Amino acid sequence: MAVSLATNAALGWAWLGKRDETATAKADLRAMEGQRDGARQAASACSDSVDDLRELADKRARDAAPARAAAASVAQGHNQRADQILATPAPVSGDVCASAQARVDSWLQGRTTK
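Residues numbered from 1 in each chain as written. Predicted model: local features only at pLDDT ≥ 70, side-chain atom pairs only at ≥ 80, totals over all residues. Heavy atoms only, no water.

Participant: Explain the layout of surface pockets to me, please; I cannot follow it from the model alone.
Facilitator: The rolling of a water-molecule-sized probe over the atoms marks out the regions of remaining empty space. Estimated volume of the largest pocket: approximately 160 Å³. Lining the largest pocket, in full, are Arg 81, Gln 84, Ile 85, Thr 88, Pro 89, Pro 91, Arg 103, Ser 106 and Trp 107. Secondary structure elements with two or more residues in the lining of the largest pocket: α1 (2-87) and α2 (96-113). Partitioning the lining of the largest pocket into residue classes produces 4 nonpolar, 3 polar and 2 charged. (1 Å grid on protein atoms, 1.4 Å probe; cavity = no way out; pocket = protein on both sides within 12 Å on 5 of 7 lines; lining within 4 Å. Points joined across faces, edges and corners; volume = space filled by probe spheres on them. Helix = DSSP H or I, 4+ residues; strand = E, 2+ residues; numbered from the N terminus. Nonpolar A, V, L, I, M, F, W, Y, C, P; charged D, E, K, R; others polar.)

Take a look at the structure:
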């Protein structure tokens, strides 16, 4: 009887230990599942935000296309004017400063007439 009682006590003690380990493992599993689900939700929200940003960037690119085309046209005119200025011989030969001053004066006169 004493041996049976001792055996039952040992088995009971072992069962209680395993029960506590199982409960702890289940609680840890639930916590990890919660972290996993939270990470999935965050990743999904991030992905949705990236998609929204892509759509916004595409819309802004479409909206800005006419302005970029207009700016390119203006730049082309400026480039042609610069090429013309650079291709024109110096107004005062042999004097770079006087030539620059003459070009600036001509440019300023052109601006005041517009």
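So that's the structure; there's more coming.
Participant: Just checking my understanding: could you explain a nonpolar patch on the surface for this structure?
Facilitator: Together, Val 104, Trp 107 and Leu 108 make up an exposed nonpolar region whose accessible area comes to about 280 Å². Take Leu 108: it is sitting in helix α2. Take Leu 108: its relative accessible area is 41%, and that puts it in the partly exposed class. (Patch = residues over 30% accessible without salt bridge, like charges linked within 9 Å, V, L, I, M, F, W, Y side chains within 5 Å. Areas by Shrake-Rupley, 256 points an atom, 1.4 Å probe, with all protein chains shown as cover. Salt bridge = Lys/Arg side-chain N within 4 Å of Asp/Glu carboxyl O. Buried < 20%, exposed > 50% of the residue type's maximum accessible area, 1.4 Å probe, protein only.)

Participant: Hey, could you run me through the pattern of salt bridges in this one?
Facilitator: Should their charged atoms come close, side chains of opposite charge can pair. Following the criterion strictly, the structure yields 5 salt bridges and no others. One salt bridge in this structure joins Lys 18 and Glu 21, with 3.6 Å as the shortest N-O distance. Here Lys 18 and its partner Glu 21 are both found in helix α1, 3 residues apart, which amounts to about one turn of the helix. A salt bridge links Lys 59 to Asp 63; the shortest N-O distance between them is 2.9 Å. You can see Lys 59 and its partner Asp 63 sitting in helix α1, 4 residues apart, about one turn around the helix.

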